[in-house]
Amino acid sequence: EHQFERGWQMLHSDRSFVGRALTANYLPARPDLVDHVTKTGEAEGRIGPSNSWPIDMLQRGDVYVAAGFGKITDGTLIGDNLGNAIYSKSGTGVVFDGGARDLDGLRKIDGFNAYVRGWDPTLMKDMVMAAINHPIRIGRITVLPGDVILAKAEGVIAIPAHLAEEVVVTAEVVSLKDEFGHARLREGV
């Protein structure tokens, strides 16, 4: 329940990816909130604008999952510069309930993939990153930090970390049964 979301625009629809969720929540910018986030970031020793802070935290195998309240125009959370930074740290991709830009440049990052709500040439505007590694909402699903994100052509599923091993083992058994069943059906048996 509340773990599968469809309706993505994918950078590469033929390439699945999997990894541990690092979450970020973006909100419409209010001056008082932007001021608070900026001061908090400075006190924590963070560098650059707030949308770079989650990228600085990525580790190999992480998937950057961001709740951008579905904003596409003026809601582009990355372009090809940040895409390169993300891929160099994580080796995976992103899932954004928001927009991205620089489609051609992102496609040139060998191995990188992105699932977004849409593509737009605008820069991020009137948005602020409000939380990193907190539970977030992406469409109709809840994503917790550390969830295993499986992004496939049909959509994105967030698998709770404590269930990951059970899901993998069960999927392997089902896959083997299906493989056997398909072979028998092709043989007319």
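Attention here is on the structure that accompanies the text. All chains use their own residue numbering, which begins from 1 and follows the written sequence. Owing to the predicted nature of the model, reporting of local features is limited to residues with pLDDT of at least 70; listing and counting of side-chain atom pairs is limited to 80 or more, with chain, interface and lining totals taken over all residues. Only hydrogens and water are removed before side-chain values are computed, so all heavy atoms of the structure are retained for them.

Structural notes on the nonpolar core
So, point 1. Among the nonpolar cores identified, the biggest contains 25 residues, and Tyr26, Tyr64, Ile78, Ile86, Val94, Phe96 and Phe112 are the most heavily contacted of them.
So, point 2. Here a strand is any run of E in DSSP of at least two residues, a helix any run of H or I of at least four, and the numbering for each starts at the N terminus. Listed by contribution, the elements that provide at least two residues to this core are strand S3 (17-28), helix H2 (53-57), strand S4 (62-76), strand S5 (93-100), strand S6 (113-116) and strand S8 (127-132).
So, point 3. We call two residues in contact whenever any of their non-hydrogen atoms come within 4.5 Å of each other. When near neighbours in sequence (up to four residues on either side) are disregarded, Val94 contacts Phe17, Val63, Tyr64, Ile78, Ile86, Phe112, Asn113, Ala114 and Tyr115. For this analysis, a nonpolar core means a set of buried residues of the types Ala, Val, Leu, Ile, Met, Phe, Trp, Tyr and Cys, connected via side-chain atoms within 4.5 Å. A simple rule labels every residue: compare its accessible area, found with a 1.4 Å probe on the protein chains alone, to the largest value its type can have, and call it buried under 20%, exposed over 50%, or partly exposed in between.

Side note on the side chain of Glu5
So, point 1. Structurally, Glu5 can be placed in strand S1 (residues 4-5).
So, point 2. A distance of 3.3 Å separates a polar side-chain atom of Glu5 from the backbone nitrogen of Arg140.
So, point 3. Apart from the residues within four sequence positions on either side, Glu5 is in contact with Arg117, Ile138, Gly139, Arg140, Ile141, Gly155 and Val156. N or O atoms within 3.5 Å of each other form a polar contact, as long as, within protein, one can give a hydrogen and the other can take it, and as long as residues adjacent in sequence are counted only when both atoms are side-chain atoms.

Here we look at helix H1 (residues 31-43)
So, point 1. Multiplying 1.5 Å by the helix residue count minus one yields the expected span of that helix. Over its 13 residues, H1 runs 18 Å from end to end, which matches the ideal 18 Å to within 8%, given 1.5 Å per residue.
So, point 2. Within two residues after H1, Gly45 carries a phi angle of roughly 80°, on the positive side.

Topic: the environment of Gly139
So, point 1. Residue position: Gly139 is located in the loop between strand S9 (136-138) and strand S10 (141-143).
So, point 2. In this structure the C-alpha to C-alpha distance between Gly139 and Met57, which are 82 residues apart in sequence, comes to 24 Å.

This is a description of form; function is not addressed.
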